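# Coordinate inspection notes
Okay, here's what each chain looks like letter by letter:
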Amino acid sequence: MEKAIIGGTGVYDVGEETYIKMVNTEYGEVQVEVVKVKGEEIVFLPRHGKGHSVPPHLINYRANMKALSELGVKYIYATVAVGSMNENYVPGDIVVISDFIDFTKSRPMTFYEGGKEGVIHTDMSDPYCKNLRNVFYSMAKRENVPIKGEGVYVCTEGPRFETASEIKMYRKLGGDVVGMTNVPEVVLAKELGMCYQAVGIISNWCTGVEPTGITIHDIAGAMEGKKELVTNLFINALLEELNQENCTCNSSLIKL
Ligand code: HPA
């Protein structure tokens, strides 16, 4: 099983579930669903667990990503619900994530902790997979799904939302959208040599950005109708011929 979809907030299935699989990893057990589409098995992993039971700072990211790797997954698309601090990106818009800025504080960040393996660093020139990104764009074009643009994702620790001053600072630093989960997920994918691309659905204006009312309280509502569009594009993209020849995802480790 080479292909997977990670579902973020609001995305708890991608069509007919075919069967459930438990994967035992050294970091813990992970439950995934396997969905069969046009003869291909696609793994679906709800990031927060079924029914959204695990908060962002307590997600076992290493177990999740190791489980996908152990299943043989090489290509991952992920949805992320994000707040917008870029006035061009309004609730309901679809934004492709192109880079991240990490403000998490207390999460296990890596599989490489010295010892026998030595000291290993990971190149972050292209944290997201260029190839999966291009395939996603061509599917969106083919299916006439409007993509609003690309954005830099600021990852906060959560589970609290940001203060207005924090958002002001993140904007100055070059952030477009804010979420609580993409780091370390994207980093761990790279450490395991897997291609990973996240696509954001704007669920609210960030704190202090939209002065006429806090839409944070209707995150699910803002995403309604968009999540199926995005997951259908993921499925279409994953049904294409994919390879790792046009990206650096499986050659990004630097051993000193
Ligand atoms: N901040 C952080 N995480 C989020 C937000 C936000 O405004 N919206 C959805 N996830």
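In case you missed it, the structure is sitting above this.
These numbers come from a predicted model, not from an experiment. (Residues numbered from 1 in each chain as written. Predicted model: local features only at pLDDT ≥ 70, side-chain atom pairs only at ≥ 80, totals over all residues. Heavy atoms only, no water.)

Turning to the pairing of strand β5 (residues 75-84), a few remarks are in order. Taken across its ten residues, β5 has ten buried, putting it largely inside the fold. With burial as the criterion, each face of β5 is covered, one bearing Y75, Y77, T79, A81 and G83 and the other bearing I76, A78, V80, V82 and S84. Note: strand β1 (residues 3-7) against β5, four bridges, orientation parallel. Bridge assignment links I6 to a residue of β5, and that residue is A78. Pairing geometry for β5 and strand β10 (residues 195-205), over ten bridges, is parallel. Bridge pairing in β10 places I76 opposite Y196. Sheet analysis places β5 next to strand β9 (residues 177-179), joined by two bridges and oriented antiparallel. (Buried < 20%, exposed > 50% of the residue type's maximum accessible area, 1.4 Å probe, protein only. Helix = DSSP H or I, 4+ residues; strand = E, 2+ residues; numbered from the N terminus. Pairing = 2+ DSSP bridges.)

Around the ligand, the neighbouring residues are A81, V82, G83, F161, E162, V178, G179, M180, S203 and N204. G83 is positioned with one of its backbone polar atoms (N or O) 3.3 Å from a nitrogen atom of the ligand. Coverage of the ligand by the protein chains reaches 94% of its 260 Å² of free accessible surface. Contributions of two or more residues to the shell around the ligand are made by β5, β9 and β10. No other element matches β5, which puts three residues into the shell around the ligand. Considered class by class, the residues forming the shell around the ligand number five nonpolar, four polar and one charged. (Near = heavy atom within 4 Å. Polar contact = N/O pair within 3.5 Å; in protein donor to acceptor, adjacent residues only side chain to side chain. Areas by Shrake-Rupley, 256 points an atom, 1.4 Å probe, with all protein chains shown as cover. Nonpolar A, V, L, I, M, F, W, Y, C, P; charged D, E, K, R; others polar.)

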